[in-house]
Amino acid sequence: MSEPVHMLELSGVAKHFGGLYALSGLDMYVDEGEIVSVIGPNGAGKSTMFNVVTGLYGPDDGDVRFRGDSIVGLAPNRITRLGISRTFQTVHLFPNMTILENAMVGQHCRSRSGVFGSVLRLPSTRREEERIRSKAKESLAFFGSRLAGYRQDQPAFALSYANRRRLEMARALATDPVLVMLDEPTAGMNPRETLELRDHIVRMRNELGLTVLVIEHDMRVVKGVSDRVMALDYGRKIAEGTYEEVANDPQVIEAYLGTKAAG
Amino acid sequence: MGALPVRSIVRAGLAGSVVSMYVALVGLYSKFADLELVGEQVTLGRVLLLAPATVVAYAMTRPRIVAGERRPFAFGSGVAVGALTGLATGVGVAVAVGVADWFGVERIREVFIAVSEPLIDFMTLGTALPAGLLVLVALSVAGGAIGGFARTAPDEVRKPTSVGVLAVIVLGLLQRIVPIVLVQLGYTADWLYSPVTEGLTWLGGALIFAVGAGANVLWRRAGSSARERVQSRVAEQPAAKLGLVLAILAALLVLPLLLGEVISEVLGTVMIYVLLGLGLNIVVGYAGLLDLGYVAFYAFGAYTLGLLTGGFLNTTTGAAEPALSADISFYVAIWIVAIMAAGVGLLIGAPVLRLRGDYLAIVTLGLGEIVSVMTASKWAQPLIGGPQGLRGVTKAEIFGFNFQDNPQHFYYLALAFVLLALFVSWRLSASRVGRAWNAMREDEQVADAMGISTIRYKLLAFAIGGAIGSVGGALFAVGIGSLTPASFEILVSITALAVVILGGLGSLPGVVVGALVLIGMPGLLREFEEYRLLIYGGALVAIMILRPQGLVPNIRRSRELEEEEASQDAWAKSAAGEAEAVAAVVPGGPLGGEPEDLE
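(A) Broad picture of the overall build of chain A. Check the secondary structure of chain A and you find 11 helices and 10 strands. For chain A, the spread of C-alpha atoms along the three principal axes comes to 70 × 40 × 40 Å. Counting all 263 residues of chain A, 43% fall into the buried class. For chain A, restricting intrachain contacts to residue pairs at least 6 apart in sequence, the fraction spanning at least 24 positions comes to 66%.

(B) Examining the packing of helix α1 (residues 6–25) of chain B against helix α3 (residues 44–60) of chain B more closely. All names here are of chain B. Where α1 contacts α3, the axes come no closer than 9 Å and their chain directions differ by 150°. Taken as axis vectors, α1 and α3 run roughly antiparallel relative to one another. Taken as a pair, α1 and α3 cross one another with a handedness that is right-handed. When α1 is examined against α3, the residues Ser8, Ile9, Ala12, Gly13, Ala15, Gly16, Val19, Ser20 and Val23 are found in contact with a partner set consisting of Leu48, Pro52, Ala53, Val56, Ala59 and Met60. Grouping the amino acids of the contact of α1 with α3 by side-chain chemistry returns 11 nonpolar, 4 polar and no charged.

(C) Molecular detail of the domain arrangement of chain B. All names here are of chain B. As far as domains go, chain B holds domain 1 (1–153), domain 2 (155–236) and domain 3 (256–490). The straight-line distance from the C-alpha centre of domain 2 to that of domain 3 is 37 Å. Across the boundary between the two partners, domain 2 contributes 5 residues, which contact 4 residues of domain 3. Looking at side-chain class alone, the side of domain 2 that touches domain 3 contains 4 nonpolar, 1 polar and no charged residues.

(D) Just the pairing of strand β2 (residues 20–30) of chain A, in detail. Residue and element names in this part refer to chain A. Here strand β1 (residues 8–17) runs beside β2; their pairing, made up of 7 bridges, is antiparallel. For Leu10, the partnering residue across the bridge sits in β2 and is Met28. Counting the residues that bridge the hairpin from β1 to β2 gives 2 residues, and of these Gly18 lies at a positive phi of roughly 60°.

(E) Region of the structure containing the sheet that holds β1(A). Read across the sheet, 4 strands follow the order β2-β1-β4-β5 (chain A) without closing on themselves; strand pairing throughout is antiparallel. Two strands close off the open sheet at either side, each with one partner strand: β2 and β5 (69–70) of chain A.

(F) Structural view of the domain arrangement of chain A. Residues and elements named next belong to chain A. Per the domain assignment, the segments of chain A are domain 1 (1–83 + 179–263) and domain 2 (94–176). If you average the C-alpha positions of domain 1 and of domain 2, the two centres end up 27 Å apart. Opposite the 10 residues of domain 1 that make contact, domain 2 presents 8 residues. At the level of elements, α2 (76–82), β7 (179–183) and α7 (191–206) are the ones that each hand at least two residues to the side of domain 1 that touches domain 2. Among the elements that take part in the side of domain 1 that touches domain 2, α2 stands out by supplying 3 residues, more than any other. Here the residues of the side of domain 1 that touches domain 2 sort into 4 nonpolar, 4 polar and 2 charged.

(G) Fine view of the environment of B:Ser264. All names here are of chain B. Structurally, Ser264 is set in helix α11 (residues 238–286). As for Ser264 and Thr43, which are separated by 221 residues in sequence, their C-alpha atoms are 27 Å apart. The residues touching Ser264, leaving out its near neighbours within four places in the chain, are Pro256, Leu259, Pro407, Gln408 and Tyr411.

(H) Geometry of the interface of chain B and chain A. At the junction of the two partners, chain B supplies 26 residues and chain A supplies 32 residues. Listed by contribution, the elements that provide at least two residues to the side of chain B that touches chain A are α16 (407–429), α17 (432–442), α18 (444–449), α19 (454–480) and α23 (555–585) of chain B. Sort the elements by how many residues they give to the side of chain B that touches chain A and α17(B) lands first, with 7 residues. Partitioning the side of chain B that touches chain A into residue classes produces 11 nonpolar, 5 polar and 10 charged.

Quick notes on the rules
- Residues numbered from 1 in each chain as written.
- Chains lettered and ligands numbered in written order.
- Predicted model: local features only at pLDDT ≥ 70, side-chain atom pairs only at ≥ 80, totals over all residues.
- Helix = DSSP H or I, 4+ residues; strand = E, 2+ residues; numbered from the N terminus.
- Buried ≥ 20, exposed ≤ 12 C-beta atoms within 10 Å, placed from the backbone.
- Contact = placed C-beta atoms within 7 Å.
- Axes fitted to C-alpha atoms, helices over the stretch in contact; angles between N-to-C directions.
- Parallel < 35°, antiparallel > 145°, perpendicular 65-115°, else oblique.
- Left-handed = near helix turned anticlockwise from the far one by under 90°.
- Nonpolar A, V, L, I, M, F, W, Y, C, P; charged D, E, K, R; others polar.
- Domains from an automatic or database assignment.
- Pairing = 2+ DSSP bridges.

Okay, structure coming up:
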């Protein structure tokens, strides 16, 4: 191979809604083992990029490749099975299922028992169910005692806001991903919870060996976790590099503060 | 409470009198005027006569929610407000009756055939008119007071009383069944049910009230700890659990012997609807796909079984061989039917995969109609007999059982398949498959993003739901022996859905209870047959208002509704609290908010 294949690579990706260009010719990549942060003002196209990668939207133009193969046109559940897992900007749990069940849903794509196995409760089905359960508990345990113990049998809607965010991440981890995409994981968290989450993101890479792509507004988190930072505006990449490089980039400052304010 | 809520009382009274007039106009009062429940005086008609006032008074005295807090009525004022509501109801009805009398009963009768002198006599307890109107109003006041009492009396009084009264009414209604059972068991029934009126004797009524109320008192005394002990013993000890299951099974097995043919036949019909309900429950309750065309599977199962087991066509020139048919044993054919119906489920499911909610409902409604129209069409006549239908469906005879001519035998056949379907539904609900359906029902897009193939699981729900429904149809065919299009109309879809909703979406005991209430009750009380649809409608409206999670709710489903209420309460409380707090800080009023908090 002449050049190394990126884990995730977007080339010339465009997505528009009517006349609004949410993404216009976005090029970006994520390499294995990286923590990459995406920043940008509201409406810059960050979440649209997530939705295009995970298959919720099909791109109007361009290509998305995962480990070298195009994943454009695959159903979201296929992309999840390939190893890309995500959370949502506004928390989307299954609110009436228990916390454990929510995490167990994550293991769905790594298990296979069907109708006959379930009705007859075959030994293989029971073993698999046990495995799903322990794997789900393992994912919940990633967040320490926050989602442990008696809480696991409570419905998800009973959780506090921060715990809902954690559960959503645990559910994403339970899909056995190689790339985790977190959409504003600290939104709505208090400063202490935000710091705790910063450590969690780093641990996802260091302990679980995952690659992390994270959309984040809190600059302390971005600074604390990122190997590389990308700034988007108007659906295009306007800057890329280390946190310091991007934070001092005049285009980025302009995008956040406006032209006049700088002068 | 502060001032008397005159306006709401008048409004509730008006509603009550409209209901009462409606009940009178459709002929329910006259119909049940002579159905004695207890003694000669307490007839179902008279209970119904009190009912509108009782119901609106009960609704009227519900706890009000003021600024997120429940404020129940006090006992005394509750009864008073109830009585006043009854008064308003009674005055409304009395005015209507007075006007009708002045206008001439005979002239109204031309439009509303139920209106008659005996009806007015009945409503006034036989008192001649001007004075009779006062009797009518007084009855209504009493009804209203009962409603207020039932809502606001202290729990230790109102609960035993309500249970006792309900027990008397239910056993009074079961007057055709309970005596038969008693006699079968070798007891005499005369002391409980009067041979003259067929209803309960006064002694019997008093005894049943005492037993019902006493049981409730004991149950309340025993307290939650005893109840939990019983429940945990059943839940934790496998032997106790097994014993319970065996006891229920034994009871189910001897039931038709005790009840005799007529009631066994009703139970057979109930079980066909349990099967339909269980199948539909997988589609609607588990997977959340609203299917209004479920009759398609029922018809498919019935006709396919008929054709596979040697049924022949009814034609004007005599019996004819269908274009496609076989002559195989029922015990082989039923599985073929189920598998083919699963295929039909896939066929119906495939075009509607992208549709959600209302759109799905409308399209499935159309598909169901297509199937039921097809059963009656000339075009399909060579295949399934068209309007003349199909005859000679197998009797599935085995070991001396005849499932067509003997309703008691049919009961056992239906029971076997109901138990099988219950088992399948139960195992599926607590499995990876059930979890996937659940996730899909809660949020389809997120389920997809978490790795669940929504296409696959939607199709699976249609296939399994279709297979179970078709077995219901096939059993119907065996039981009745000949099929005509009249049995496969949209009403089947609606009834099956009503069974599932009444019992509680996603709840297996709910399906059984729903079928017993909606199919069993009208079947047992032949008088109700005419009003079956009216009762369905009323029952569904009542359940949606009073107990939207269903009679025997699925735990998850009730959580959904609780969550909504809890969040509404929390919102109402916090909104009220904030408004006060803001008003206290900002003299100008609640203008200062913190927009950051809203994001």
